[in-house]
Amino acid sequence: MTDLYQTQRAMRAIRKAAMQRGVVALLDIGSSKIACLVLRFEGVDPARQAEGIGSLAGQSRFRVIGASTTRSAGVRFGEIDTMAQTERAIRIVVQGAQKMANTRVDHVIACFAGAGPRSYGLAGEVDVIGEQVGEQDVARVLADCDLPDIGAGREVLHAHPVNFALDNRSGLSDPRGHVGNHLAVDMHLLTVDEAAIQNLVYCIRRCDLELAGIANSAYVSGLAALVEDEQELGSACIDLGGGATGVSIFMKKHMIFADAVRMGGDHVTHDIAAGLQIPMNVAERIKTFHGGVVATGMDDREMIELGGESGDWEKDRRRVSRAELIGIIRPRVEEILEEVRAILDAAGFDRLPSQQIVLTGGASQIPGLDGLAARMLGQNVRLGRPLRVQGLPQAATGAGFSSIVGLALFAAHPQDECWDFEIPAERMNGKPLRRALRWFRENW
Amino acid sequence: MRPLTPDPKQGRGRGQPPRFYARRDRAPSRLAFRLERLWLTPAVRAVTRIGAPIFVVTLGLGLWLGDSARRADLVERYDNLKISIENRPEFMVSRLEVTGASPAVEDAVRMMLPVGLPASRFAIDLNSYRDAIERLDAVRDVSLTVLSGGALEARVTEREPVILWRKPTGLDMLDADGHRVASLTRRDARPDLALIAGDGADKAVPEALDILAAAQPLLPKMRGLIRVGERRWDVDLVGGRRIELPAKDAVAAMKRVIEVDRSDDLLSRDFTRIDMRDTARPTVRLSANALEHYEELTGQKPRSASFSAQTVKPVAVSAPAASGSVASAAPVAAATPSSSVRSGSAQSSAAQTSAASSSAAPTAARPAARPSGSAQAAAAGPAAAAATPAAASPTRPQARPLSNPSKVAP
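Residues numbered from 1 in each chain as written. Chains lettered and ligands numbered in written order. Predicted model: local features only at pLDDT ≥ 70, side-chain atom pairs only at ≥ 80, totals over all residues. Heavy atoms only, no water.

Operational definition: UniProt positions are given in the numbering used here, feature names are shortened, and annotations may be inferred rather than shown by experiment.
Per an unreviewed UniProt entry, chain A is named Cell division protein FtsA, and its organism is Paenirhodobacter enshiensis. Under the UniProt heading Sequence similarities (unreviewed entry), the entry covering chain A gives this text: "Belongs to the FtsA/MreB family." Quoted straight from UniProt, the Subcellular location (unreviewed entry) entry for chain A says "Cell membrane".

### Points about the overall build of chain A
Applied cut-off: We count a stretch as a helix when DSSP gives it H or I for four or more residues in a row; a strand needs E for two or more, and each element gets its number in order from the N terminus. To sort residues, take the accessible area from a 1.4 Å probe on protein chains only and compare it with the maximum for the residue type: under 20% means buried, over 50% means exposed, and anything in between is partly exposed. We call two residues in contact when some of their heavy atoms are within 4.5 Å. For the area figures, the Shrake-Rupley method with a 1.4 Å probe applies, and any residue is considered shielded solely by the protein chains shown.
The secondary structure content of chain A amounts to 16 helices and 18 strands. Here chain A, with 444 residues, has 55% of them falling under the buried criterion. Pairs at least 24 apart in sequence give 71% of the contacts found in chain A among residues at least 6 apart. Split by element, the accessible area of chain A, about 19,400 Å² in all, is 50% carbon and sulfur.

### Notes on the overall build of chain B
A count of helical and extended segments in chain B gives 13 helices and 15 strands. By element, 56% of the accessible surface of chain B is carried by carbon and sulfur atoms, the whole surface being about 23,700 Å².

### With respect to the interface of chain B and chain A
By a widely used convention, the size of an interface equals the accessible area lost when the partners come together. The criterion, for reference: Defined in terms of a 1.4 Å probe, buried area is the accessible area two parts forfeit on being brought together, summed over both. A carboxyl oxygen of Asp or Glu within 4 Å of a side-chain nitrogen of Lys or Arg is what we treat as a salt bridge. Between N or O atoms, a polar contact is any pair within 3.5 Å; within protein, one atom must be a potential hydrogen donor and the other a potential acceptor, and residues adjacent in sequence are included only when both atoms are from side chains.
Each partner contributes to the interface: chain B provides 28 residues, whereas chain A provides 39 residues. For the pair chain B and chain A, the summed buried surface comes to about 3,200 Å²; carbon and sulfur atoms form 53% of the total. Summed over the shared surface of chain B and chain A, the number is three salt bridges. Residue B:Arg30 pairs with A:Glu87 through a salt bridge whose shortest N-O separation is 3.7 Å. Counting across the interface, chain B meets chain A through nine residue pairs in polar contact (both at pLDDT 80 or more).

### Some thoughts on the nonpolar core
Here is the rule we go by: The criterion is simple. A nonpolar core is a set of buried Ala, Val, Leu, Ile, Met, Phe, Trp, Tyr and Cys residues joined through side-chain atoms within 4.5 Å.
Counting 73 residues, the largest nonpolar core has A:Leu26, A:Leu27 and A:Ile204 as its most contacted members. Among the elements that take part in this core, helix α14 (residues 402-412) of chain A stands out by supplying eight residues, more than any other.

### Here we look at the packing of aromatic side chains
All names here are of chain A. For the record, the criterion: We call Phe, Tyr and Trp rings a pair once their centres come within 6.5 Å, taking the six-membered ring for Trp, and we label the pair stacked below 30 degrees between planes, edge-to-face above 60, and tilted otherwise.
Tallied over the entire structure, the rule returns four aromatic pairs over all chains. Relative to Phe250, the ring of Tyr219 lies with its centre 6.1 Å away and its plane at 10°, an arrangement referred to as stacked. One end of the pair, Tyr219, is in helix α6 (residues 217-225); the other, Phe250, is in strand β13 (residues 245-251), with 31 residues separating them in the sequence. The pair Tyr219 / Phe250 is uniform in exposure class, with both members buried. Taken together, the ring pairs connect Tyr219, Phe250 and Phe410 into an aromatic cluster.

### A few points about the pairing of strand β8 (residues 180-184) of chain B
We count it as follows: Strand pairing requires that DSSP identify at least two bridges connecting the strands.
As paired elements, strand β7 (residues 170-175) of chain B and β8(B) share four bridges and run antiparallel to each other. The partner of B:Asp172 across the bridge, within β8(B), is B:Ser183.

### A few points about a negative patch on the surface
Put simply, the test is: Every patch collects residues that have over 30% relative accessible area and no salt bridge, joining them within 9 Å if they carry like charges and within 5 Å if they are nonpolar side chains (Val, Leu, Ile, Met, Phe, Trp, Tyr). All tallies of charge rest on Lys and Arg as positive and Asp and Glu as negative; His and the ends of each chain are not included. The atom standing in for a charge is NZ when the residue is Lys, CZ when it is Arg, CG when it is Asp and CD when it is Glu.
On the surface, a cluster of negative charge is made up of A:Glu125, A:Asp127, A:Asp144 and A:Asp146. Within the secondary structure, A:Asp146 is located in the loop between α4 (135-144) and β8 (154-166).

### Observations regarding the sheet that holds strand β18 (residues 381-383) of chain A
All names here are of chain A. Stated precisely, the cut-off is as follows: The convention used is that axes are lines fitted to C-alpha atoms, helices contributing only their stretch in contact, and that angles between N-to-C directions extend from 0 to 180 degrees.
Taken together, five strands build an open sheet; the order of strands is β14-β13-β12-β17-β18 and the sheet is mixed. Edge strands, defined here as strands with exactly one partner in the open sheet, are β14 (254-261) and β18. Going from strand to strand, the sheet's axes swing by 20° on average, the running direction of each strand aside. Taken together, the six bridges between strand β12 (residues 235-240) and β13 define a ladder with antiparallel strand orientation. When the sheet's bridge partners are listed, Leu240 is paired in β13 with Thr245.

### Points about the pattern of salt bridges
Residues and elements named next belong to chain B. The full count for this structure, using the stated rule, is 41 salt bridges over all chains. For Arg227, the salt bridge is made with Glu207, and the minimal N-O distance between the two is 3.5 Å. You can see Arg227 sitting in strand β10 (residues 222-228) and its partner Glu207 sitting in helix α6 (residues 205-214), a full 20 residues away along the chain. With a relative accessible area of 12%, Arg227 lands in the buried category. Salt-bridge contacts for Arg277 lead to Asp275; the nearest nitrogen and oxygen are separated by 2.8 Å.

### Re the sheet that holds strand β5 (residues 151-158) of chain B
Residue and element names in this part refer to chain B. An order of β2-β5-β4 is seen for the three strands of this open sheet, with the pairing classed as mixed. What marks the edges here is a single partner per strand, and that holds for β2 (95-99) and β4 (139-146). On average, adjacent strands in this sheet sit at an angle of 20° to one another, irrespective of strand direction. As paired elements, β4 and β5 share seven bridges and run antiparallel to each other. Along β5, the bridge assignment pairs Val146 with Leu152. Set on the sheet, helix α4 (residues 103-112) makes contact with β2, β4 and β5; between it and β2 the angle comes to about 150°. Across the sheet, helix α5 (residues 126-134) lies against β2, β4 and β5, angled at about 155° from β4, the strand it touches most.

### Description of unusual backbone geometry
Unusually for a residue other than glycine, A:Lys252 sits at a positive phi of about 50°. Structurally, A:Lys252 is set in the loop between β13 and β14. Of note, the phi angle at B:Glu230 is positive, near 55°, even though the residue is not glycine. You can see B:Glu230 is positioned in the loop between β10 and β11 (232-237). Look at B:Glu230 and you get partly exposed, because its relative accessible area is 48%.

### Regarding the pairing of strand β10 (residues 182-193) of chain A
Residues and elements named next belong to chain A. The buried count for β10 comes to nine of twelve residues, which makes it a mostly enclosed element. Inspection of the sheet shows strand β7 (residues 118-127) paired to β10 by ten bridges, in the antiparallel sense. Residue Asp127 lies in a different strand from β10, and its bridge partner there is His182. Summarising the sheet, β8 and β10 pair through eleven bridges and their orientation is antiparallel. Paired with Ala159 across the strands is Leu189, a residue of β10.

### Regarding the environment of A:Ile80
Residues and elements named next belong to chain A. Note on placement: Ile80 falls in strand β5 (residues 79-80). According to the relative accessible area criterion, Ile80 is buried, its value standing at 12%. Not counting the four nearest positions on each side in its chain, Ile80 is found in contact with Ile29, Gly74, Thr86, Asn199, Leu200 and Cys203.

### Describing the environment of B:Glu36
On the secondary structure map, B:Glu36 appears in helix α1 (residues 30-39). What B:Glu36 contacts, discounting residues up to four positions off in sequence, is A:Gln95 and A:Lys99.

### Details of the confidence of the model for chain B
Test applied: Confidence scores per residue from the predictor, reported as pLDDT, run from 0 to 100.
Considering every residue of chain B, the mean pLDDT works out to 71; 67% of them sit at 70 or more. Throughout residues 304-410 of chain B the model reports pLDDT below 50, and contacts reaching past four residues in sequence, or to other chains, amount to 102 contacts.

### Observations concerning a nonpolar patch on the surface
Residue and element names in this part refer to chain B. There is a patch of nonpolar side chains on the surface, built from Phe55, Val56, Leu59 and Leu63 and spanning about 440 Å² of accessible area. Residue placement: Val56 occurs in helix α2 (residues 42-65). Val56 gets classed as exposed once you look at its relative accessible area, which sits at 54%.

Structural data, given as structure tokens:
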């Protein structure tokens, strides 16, 4: 875990350097599109800082100065599949955003949906040294959490201390300075496949960029699409992307669970293309223009021209009714939502005080999806669009940009992660010596 | 059934397949991507857009100017251009017009012009030229204007000589401020101007002019004014006689003398000095002859000529003497046959005055009936008596009782 600890700490340091330089790029690597924003951080107004949180929920500190998006290539199920194509796509968006921002960006914070995220709930408890809880105590209690068997080839992506309990008091967000004897913590650990992260690091390094942070896209979508009381009271954000559907559950402003369904809008398109025997791009277009999940009597009469260049007149002049199209789309959407339902059930979502469900992501724009989701997931369903941030182009305000906007918020105000605290002193003991011995063994 | 979409084959070029998607964005090559990032680096941009052009221009200029012949050529061209512009006919001054100057001054002004005409306007340093002209004593003020027709106009205001100053070295004409205007070789070249002398006389020219204006009636008898000790004036009269004026209020003293002269014919008496330096004690110094006569007439034995010649008797010359002057005059008056009589009102005194003037014949020793309604007249009475022993000879019974000048006028 210490290696990961160091990597994550290094990325935090890079992020800090980027903030100091004032410009950072955000990269959302999705299965259907890759988006890039360039943020410029302005100096913190000391008067505002004194109040705790600045105006516009602290967003006045940064501004989007460049934005670019391109069709994704080489990404499947939200993870990088073909490195060269993905690298090229990253170059396209970074170059476009740099050009718009008219500045050079060196640091990138990236997010992706796939790689099999898995949540773990961890708990740790220690006795407080001294009277008051200090930084060391927090670090110790975080280190006391037993790392579960996350499996080979897995890597920790997020490790949020969600809740602190001091003696008999629970629900503390920050125990530092409290007087008590026994400190306990609940930590949420999110792991992903190590290979996915390594591929991402490789792609970004090939573009001469430095990685300043990685985030799960379900998590950052929740940051952008859920309003504050939803995050506080408990809600699920379902990010219906192209190749993967992310599910994240928020409670008390912390993500307490995240998972992903390896299905998304691209599968719907694939179904249409297969069902109607048309090319993928035509299927995508028909889905975008005429798609839906609830058929009505009118839909039987609305005929859709399929077109085609096969040379076979009969094939090229086919028409389908919209009802037929919905008949293809709906089962797949229901399948996705059933998977989501299963995930939510597994996560114990029904035990949350508020069970708000927010649908966001590009595929959430299918007409009638909210009705279908309400039937399948629960009554409190709404469609969510990302928060408005300064300077965001109009074209990037749709539901499909939830994760990149959330990534901007994540970049500006990262929540405390486990590696933001120092490694407790007792664990450090002897370590430099061991490292020095290893260095000797390797080099002599 | 209505189709929802237009026929995809319409609206596009013939033979072109329908295109539903925008084409894939073309990815930049790694090199292009790196170059673009390099170009977006602020330092590189600054160097390329500002530094490189400056470097190239500086290098080019440096190489080109490295050759001294080129440099000289460049300087020469510049000078030629400058000269050709300066010598354009628009900037040429072809003549000098001097107005308001006498011929001598005009000649001097023309002589002083630093360049020969015609010359460029830029070749004439007007400021120094004006300063040079103003350094002429005869010039009070000058203004130089370059007129549009190629003329340089010098408007000269000359100093007006109002007085002559005789110095050991010569004779100068001064203006009203005491500034030298010109020298004279002969006094009679300007007989209309009064003469002053003495060290520092030029610094007190305004006062001298005031005194001269006040002494208008005396001018025929006057030789000039002499500055004494750089502080006060003497009026030099013909015959070596002098009126010594005080340092303060010299004009008032002069007026007093004129007034007494008008009433008592003071200046035609035989005296050497009239000393007005002490306003409270004006004094007349008699000549030796007059003193002898006086002593004879008053019955005093002349003790010694030299002593009597130096005897100075106080004279109350004028009316506005304070009552204190009565006291000072009294001992003198006691030595005279006359005595002051104080009497009556102004009316009676006027009557007596007219009577006295009609019977002025007998002697100066006659006790004058004094119009002594005022202390002034009373004070003046004995003084006049004391001042007139010279006239006491039987052959020149000139003494007249003092009275108001206005009443004597006929």
